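# Structure assessment
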Amino acid sequence: RISPVRDAKENQISFTLHQDSPVILPDMMETVWCAVNRKTKNGVVLGGEQKLSVYEALQAITINAAKQYGEEQEKGTIAPGKRAGAGQRSYDGRTQ
């Protein structure tokens, strides 16, 4: 099984998402897309039962990642006094 993130979520295990370059280029929105859609380059769904919602995938690359590094007081959510590391962009994680 590859990246059983739904199982982790259901078992209340905090997880993050990442890229293994050069498998895919460093693009966190593509990583979100992969977690939501779980499609291979050939369009085959790989482990469809492990799909995340867009919201869950975004949590994995923001607040969960900040917690993993012990930096949740400085980043990971949008709040006064926290660092902003992302720009605004139009994004729908269900389509690529």
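Preceding this section is the structure that the text describes.
These numbers come from a predicted model, not from an experiment. (Residues numbered from 1 in each chain as written. Predicted model: local features only at pLDDT ≥ 70, side-chain atom pairs only at ≥ 80, totals over all residues. Heavy atoms only, no water.)

## Things to note about the layout of surface pockets
If you add up the space inside the second largest pocket, you get close to 770 Å³. Taken together, 24 residues line the second largest pocket, and the ones lying closest to its centre are Ile2, Ser3, His18, Ile24 and Cys34. The set of elements that each furnish at least two residues to the lining of the second largest pocket consists of helix H1 (5–10) and helix H2 (28–37). Looking at the lining of the second largest pocket, the element that brings in the most residues is H2, giving five residues. Partitioned by chemical class, the residues of the lining of the second largest pocket number 12 nonpolar, seven polar and five charged. (1 Å grid on protein atoms, 1.4 Å probe; cavity = no way out; pocket = protein on both sides within 12 Å on 5 of 7 lines; lining within 4 Å. Points joined across faces, edges and corners; volume = space filled by probe spheres on them. Helix = DSSP H or I, 4+ residues; strand = E, 2+ residues; numbered from the N terminus. Nonpolar A, V, L, I, M, F, W, Y, C, P; charged D, E, K, R; others polar.)

## Things to note about unusual backbone geometry
Proline 22 follows serine 21 through a cis peptide bond whose omega is 10°. In this fold, proline 22 is placed in the loop between H1 and H2. In this structure, serine 3 is a non-glycine residue whose phi angle is positive, near 50°. Even without being a glycine, arginine 38 presents a positive backbone phi close to 50°. Relative to the helices and strands, arginine 38 resides in the loop between H2 and helix H3 (54–61).

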